[in-house]
Amino acid sequence: MIVWCQRARQPALRYFIVALTAFDLLGLGISSAELAVRSSGDELQIAAPRLHFLTGKSLQRLHDGAAVPFDFQLTVAAGSRNNVVARALERFVVSYDVWEEKFSVVRLRDLHKSGSHLSASAAEAWCLDNIFASSSNLPPGQQLRARLEIRAAEQKEPAIMPQDTGISLTALIEVFSRPSRPQQEHWALESAPFRLADLKP
Amino acid sequence: MKLALVLVAAAILLQPATRADTVTDAERATDLNVNSRYTIESIGFMDQSQYRLSPSAMEEMRLLIGAKLNSEALNRLVQHVRSELRAHDVTFKLVRGGEPGSVKVLLEVDPGPGRIDVSIPQFGYYTGQGWTAAAEATATLGANTLTFRALKDNDSSIEQMAGIQTSYARHLADDRIRLGFEFDAYADQYDPATLAALASAKPSSLGAGAYSSRLNFEPSASFVLAKPLTFTIGVSFEQLQPGFSAAPLESANAVINTLRYHQLWSSDATTQQLDAGYSLHAATTLLGTDLAYTRHTFDVDYLYKHAQQLLEVSVLAGVIYGRAPLFERFVLGDSTDLRGWDKYELDPLGGNRLAYGSVTYGYHILRVFYDAGSVWDQGNAPEARQSAGIGVASGLGLLDRGAFLLAVAFPLRQGHTEPVLIAGMNF
């Protein structure tokens with residue numbers, strides 16, 4: 001009887017963990033995907049090949065022909081997570097060509113910076129390739145940790161905020177200073193601890 | 001005069017934006033949607049429902065059609081439609097158009113789990129007939145709609161009625177079928193001319209004299225045969241309480257059939273709309289009616305609008321066989337038909353024959369119209385009447401939400417004529 005229970009509970013426990021993980025990934029949008037960090041001159045660049053944010057409601061809105069803004073925040077913390085020593089904020093506006101069935105991305109800070117005729121994964125990668133954190137003021141020998149947060153702007157939110165040449169940093173800081181709304185799609189992932197001196201260019 | 005000034009000012013303020021106003025240069029330059037290079041071929045709704053939009057919303061739609069897609073302008077339209085329909089949410093979907101480089105915009109309306117709307121669908125004044133007004137509350141829960149309306153109507157019929165209308169409707173099969181039940185109760189009064197005509201000689205075609213109140217029970221079903229053609233069938237059980245309390249109730253129980261066609265065509269700067277219908281009321285002894293009659297009406301309304309100009313042509317015809325009560329008899333000389341004439345002067349009891357036509361020309365908010373028609377009884381020679389008028393309006397009549405009309409109409413006849421003031425609003 002006890003054996004039966006233990007046998008029964010082991011898969012149940014596995015299912016529970018899998019379900020919890022799925023809930024964690026889908027419901028809360030916290031991804032365990034690896035965030036890789038590399039150094040390029042005075043900038044830190046990131047890559048996250050397993051992260052997919054063109055999914056769910058946002059993807060449906062894109063397929064319906066709407067332009068969907070995504071807000072990105074890349075922070076680098078030294079020591080504790082609260083000790084943020086570098087921060088980068090960007091808004092990318094993604095849209096989907098209903099005739100060509102390809103994605104386009106525009107970086108709002110610089111409207112001339114854009115990518116077009118992209119697949120979904122290429123559009124995601126384009127966004128990650130175009131957000132950098134300055135590494136000039138980072139302590140070279142201290143243990144660092146990078147964190148990337150992404151939020152899909154809500155449907156009623158205009159793609160361009162009041163400062164129409166792009167987007168104000170203040171506005172984006174405000175976006176990330178408040179918790180995401182329950183219905184809002186958001187993702188977050190962290191890198192493994194690293195030292196600036198150890199990063200490969 | 002003050003009312004006129006207010007309405008004219010409102011007309012100027014409520015004018016629809018031109019294309020340049022609708023889409024600003026800044027918006028064009030900063031539209032980040034890759035689909036902004038495509039031309040909007042058409043704008044419609046995803047479901048089969050018939051939505052009632054104001055002239056300004058229709059104009060906003062018309063201005064977007066034929067232009068390059070602009071996300072901000074489209075979002076403004078979506079919010080406008082959401083506000084007018086009082087919907088929980090309205091979203092848009094782009095699909096490929098018929099031609100390469102064009103897209104169709106489909107609006108999806110989410111009415112929400114339940115809501116209550118309150119409106120004043122009719123509010124008007126007509127010289128000699130006074131005020132007509134209706135207030136309406138509608139509760140929607142899923143596919144069920146319950147409507148309660150209180151009204152005072154001195155305009156549309158020979159009788160002057162005040163009362164309530166309650167109706168329940170359930171939409172089925174993706175809105176292709178609508179089942180409904182309506183209950184109406186009215187208290188009736190009559191113009192002295194009508195009472196005098198009733199006292200002098202009762203025409204053989206009149207099915208009942210003056211009644212003090214009227215009750216109506218009306219189950220019905222509507223079917224979308226082939227969009228935009230709809231067919232409605234129902235049964236109306238009317239009970240008429242005679243003016244003298246000792247007199248027995250009279251009933252007018254009729255099968256009601258209506259066939260309607262409504263189509264809208266829109267291109268870059270031109271809108272055409274055709275609305276046509278045929279209605280048959282057949283009161284038969286099979287339904288236990290005291291008054292047996294059949295009433296046929298046929299109406300066509302065609303609108304052509306290009307830029308700031310419009311032309312509307314309306315035709316209405318009807319014939320009644322048998323003894324129909326006052327509320328079924330035809331009337332001309334009110335705020336919509338043969339404007340400028342006094343309906344009690346034309347025929348204080350209404351008629352059982354009707355022929356009518358109207359032409360309206362509009363430029364911007366200015367309206368000029370010419371009406372001609374006759375209402376008469378079988379056996380009498382019809383006498384053609386004509387009228388003309390001028391005014392301002394935001395729509396074509398009072399049927400559209402937010403529409404208003406202020407006009408002066410003149411009966412065209414020899415001798416002394418007094419102009420009639422017509423004012424109305426729907427909000």
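Residue positions within a chain follow its written sequence, with the count starting from 1. Note on labels: chains are lettered from A, ligands numbered from 1, in written order. Local features in this predicted model are restricted to residues of pLDDT 70 or higher, and side-chain atom pairs are both shown and tallied only at a pLDDT of 80 or more, whereas totals for entire chains, interfaces and linings draw on every residue. Derived side-chain values reflect all non-hydrogen atoms in the structure, with water molecules and hydrogen atoms excluded from consideration.

Asks: Please provide a residue-by-residue account of the overall build of chain A, values included.
Replies: Counting its secondary structure elements, chain A contains four helices and ten strands. Helix and strand definitions here come from DSSP, where helices need a minimum of 4 consecutive H or I residues and strands a minimum of 2 consecutive E residues; each element is numbered from the N-terminal end. Of the regular secondary structure in chain A, the N- to C-terminal order runs α-β-β-α-β-β-β-β-α-β-β-α-β-β. Within chain A, the proportion of its 201 residues that are buried is 44%. Here a residue-residue contact requires only that any non-hydrogen atoms of the pair lie within 4.5 Å. Counting only contacts in chain A whose residues sit at least 6 apart along the sequence, the fraction spanning at least 24 positions is 67%. Each residue is assigned to one of three classes by its accessible area relative to the maximum for its type, calculated with a 1.4 Å probe on protein chains only: buried under 20%, partly exposed between the two thresholds, exposed over 50%.

Asks: Account for the confidence of the model for chain A, naming residues and giving values.
Replies: Residues and elements named next belong to chain A. Per-residue confidence from the predictor is reported as pLDDT, which spans 0 to 100. When pLDDT is averaged along chain A, the result is 77; 68% of the residues meet or exceed 70. The secondary structure element of chain A with the lowest average pLDDT is helix α1 (residues 2-27), at 40, and the one with the highest is helix α3 (residues 120-129), at 94. Contacts for the low-pLDDT stretch residues 1-13, under 50 throughout, to residues beyond four places or in other chains number zero contacts. Contacts of residues 161-166 to residues separated by more than four positions or lying in other chains number eleven contacts, the stretch itself having pLDDT below 50.

Asks: Kindly report on a nonpolar patch on the surface, identifying the contributing residues and their values.
Replies: Residue and element names in this part refer to chain B. A contiguous nonpolar patch, built from Tyr304, Leu311, Val313, Val315, Val359, Tyr361, Tyr363, Leu366, Val368 and Ile390 and spanning about 800 Å² of accessible area, is present on the exposed surface. For the nonpolar patch, the secondary-structure elements that each account for two or more residues are β14 (309-322), β15 (353-363) and β16 (366-376). Residue tyrosine 361 is classed as partly exposed on the basis of its relative accessible area of 36%. Each patch groups residues whose relative accessible area exceeds 30% and which form no salt bridge, using 9 Å between like charges and 5 Å between nonpolar side chains of Val, Leu, Ile, Met, Phe, Trp and Tyr. Computed with a 1.4 Å probe, the accessible areas rest on the Shrake-Rupley method; for each residue, only the protein chains presented here act as cover. One speaks of a salt bridge when a side-chain nitrogen belonging to Lys or Arg is within 4 Å of a carboxyl oxygen belonging to Asp or Glu.

Asks: So, the nonpolar core: which residues are in play, and what are the values?
Replies: Counting 40 residues, the largest nonpolar core has Leu44, Phe53, Phe70, Phe72 and Leu148 of chain A as the members making the most contacts within it. When contributions to this core are tallied by element, the ones reaching two or more residues are β2 (43-47), β3 (68-78), β4 (84-96), β5 (103-107), α3, β8 (143-152) and β9 (186-190) of chain A. By residue number, the principal contributor to this core is β3 of chain A, which donates six residues. Within the second largest apolar cluster, 28 residues are counted, among which are Ala197, Leu198, Tyr211 and Leu291 of chain B. Buried Ala, Val, Leu, Ile, Met, Phe, Trp, Tyr and Cys residues form a nonpolar core when they are joined through side-chain atoms within 4.5 Å.

Asks: Please give an account of the side chain of threonine 147 of chain B that cites residues and values.
Replies: Of note, threonine 147 of chain B is situated in strand β6 (residues 144-153). Setting aside chain neighbours within four positions, we find threonine 147 of chain B in contact with Glu136, Ala137, Thr138, Gln165, Thr166 and Ser167 of chain B.

Asks: Which residues make up the packing of aromatic side chains, and what values do they have?
Replies: Only centres within 6.5 Å qualify two rings of Phe, Tyr or Trp (six-membered ring in Trp) as a pair; their planes then separate them into stacked at under 30 degrees, edge-to-face at over 60, and tilted for everything else. Scanning all chains against the criterion turns up eleven aromatic pairs over all chains. Each ring, one from tyrosine 96 of chain A and one from phenylalanine 103 of chain A, has its centre 4.9 Å from the other, and the planes form 55°; the classification is tilted. One exposure class covers both tyrosine 96 of chain A and phenylalanine 103 of chain A, and it is buried. Through a chain of ring-to-ring contacts, the aromatic side chains of Phe53, Phe70, Phe72, Phe92, Trp126 and Trp187 of chain A assemble into a single cluster. Cation over ring: arginine 214 of chain B sits above phenylalanine 327 of chain B, and NZ or CZ is 4.2 Å from the ring centre. Geometrically, a charge over a ring is one whose NZ (Lys) or CZ (Arg) sits within 6 Å of the ring centre while staying within 35 degrees of the ring normal. A cation sits over an aromatic face here: arginine 339 of chain B above phenylalanine 369 of chain B, 3.8 Å from the ring centre.

Asks: Can you explain the interface of chain B and chain A? Please cite residues and give values.
Replies: Each partner contributes to the interface: chain B provides 21 residues, whereas chain A provides 22 residues. Both sides of the chain B and chain A interface together cover about 1,700 Å² of buried area, and 53% of this is carbon and sulfur. Along the contact surface separating chain B from chain A lie four salt bridges. Where arginine 96 of chain B meets glutamate 101 of chain A, a salt bridge forms, and the shortest distance between an N and an O atom there is 3.5 Å. Contacts described as polar in this section are N or O atom pairs within 3.5 Å, which, within protein, must combine one atom able to donate a hydrogen with one able to accept it, while residues neighboring in sequence count only if both atoms come from side chains. Counting the contacts that link chain B with chain A gives 13 residue pairs in polar contact (both at pLDDT 80 or more). Elements with a minimum of two residues in the side of chain B that touches chain A: α5 (71-85), β2 (89-96) and β3 (102-110) of chain B. It is β2 of chain B that contributes the most residues to the side of chain B that touches chain A, six residues altogether. Considered class by class, the residues forming the side of chain B that touches chain A number seven nonpolar, eight polar and six charged. Put simply, buried area is how much 1.4 Å-probe accessible surface two parts lose in total, over both of them, once they are put together. When residues are sorted by character, Ala, Val, Leu, Ile, Met, Phe, Trp, Tyr, Cys and Pro go into the nonpolar class, Asp, Glu, Lys and Arg into the charged class, and all the rest, Gly among them, into the polar class.

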